[in-house]
Amino acid sequence: MPHALKIVLAEDSVLLREGLVGVLARFGHEVVAAVGDAEALKRAVVSHGPDLVVTDVRMPPGQSDEGLRAALDLRAANPSLPVLVLSQYVQRAYAADLLDTGDGTGVGYLLKDRIGQVEQFAEAVDRVAAGGTVVDPEVVRLLLRRRSDPLAALTPREREVLALVAEGKSNAAVARDLVVTEAAVGKHIGNILAKLALPPAEDTHRRVLAVLAYLRA
């Protein structure tokens, strides 16, 4: 059972902010500050020293990428601070910017639609807080569509596995999603890494980063 987290939440929509507070509380977490702009986010992190920051990309006053920039500043000051960024739309650059902070651990980029899938959202919160890497499936799919070779060498099943791995899922979780054995997943991953000329890695986080680094290239 994941332990309760102290969370600083930044979201300018009052309704969504209150909804997120409720969802996080449902899973035993405490939102120690819920704010509506980027500067308040920075102050709250300094004041509360949270276990995790959850922030929207677009925040007042400019409604562009103030939330993301605040998150990047916080990560620059404290690379070990876990940050989960929420976005209305797929923005590859935002995901790449986050993954490039610190050593890439403890970061997540999710579309807001994912919040409606409460269990998956809660899993993402726990995974990022524990130092994992979570990237929204839509971002992964976009990256896959934009690359052709050598991704063209991957079988349809290998592409499915790659997308799930890039979300930060373990072999066991991938196996459950695809209703196959862990051994089969391990074989697929070995084939994927070989076809993409990536070094094998046991650590799930580093494997995700390696795959995403290739896909972003």
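Preceding block: the structure.
All values reported here derive from a predicted model rather than from experimental measurement. (Residues numbered from 1 in each chain as written. Predicted model: local features only at pLDDT ≥ 70, side-chain atom pairs only at ≥ 80, totals over all residues. Heavy atoms only, no water.)

Q: Any chance you could explain the pairing of strand E3 (residues 52-56) here in plain terms?
A: Consecutive residues of a regular strand have side chains that alternate between opposite faces of the sheet. Burial analysis of E3 places five of its five residues in the buried class, the great majority of the element. Where burial is concerned, the two faces of E3 agree: the one with Leu52, Val54 and Asp56 and the one with Val53 and Thr55 are both buried. As judged from the four bridges shared by strand E1 (residues 6-10) and E3, these two strands associate in the parallel manner. Across the sheet, the residue bridging to Ala10 is Thr55, located in E3. In this sheet, strand E4 (residues 83-87) lies alongside E3 in parallel orientation, the contact comprising four bridges. From the neighbouring strand, Val54 faces E4, where its bridge partner is Leu84. Considered for its hand, the β-α-β crossover made up of E3, helix H3 (residues 66-77) and E4 is right-handed. (Buried < 20%, exposed > 50% of the residue type's maximum accessible area, 1.4 Å probe, protein only. Helix = DSSP H or I, 4+ residues; strand = E, 2+ residues; numbered from the N terminus. Pairing = 2+ DSSP bridges. Right-handed = clockwise from strand over helix to strand, strands pointing away.)

Q: How should I be thinking about the side chain of Thr55 in this particular structure?
A: Note on placement: Thr55 falls in strand E3. The residues touching Thr55, leaving out its near neighbours within four places in the chain, are Ala10, Leu41, Gly67, Ala71, Leu84, Val85 and Leu86. (Contact = heavy atoms within 4.5 Å.)

Q: Which parts of the structure should I look at to understand the pattern of salt bridges?
A: Working definition: two side chains of opposite charge can pair if their charged atoms are close together. Tallying each qualifying case throughout the model produces nine salt bridges. Between Arg157 and Glu160 there is a salt bridge, and its shortest N-O distance comes to 3.1 Å. Of the two residues, Arg157 and Glu160 both sit in helix H7 (residues 156-166), three residues apart, roughly one turn of that helix. Exposure remark for Arg157: the relative accessible area of 30% places this residue in the partly exposed category. When its relative accessible area of 39% is taken as the criterion, Glu160 is described as partly exposed. Here Asp177 and Lys169 are joined by a salt bridge, their closest N and O atoms 2.4 Å apart. Since its relative accessible area comes to 41%, Asp177 is described here as partly exposed. Its relative accessible area of 16% is what places Lys169 among the buried residues. Put simply, Glu11, Asp56 and Lys112 are held in one network by salt bridges that share partners. (Salt bridge = Lys/Arg side-chain N within 4 Å of Asp/Glu carboxyl O.)

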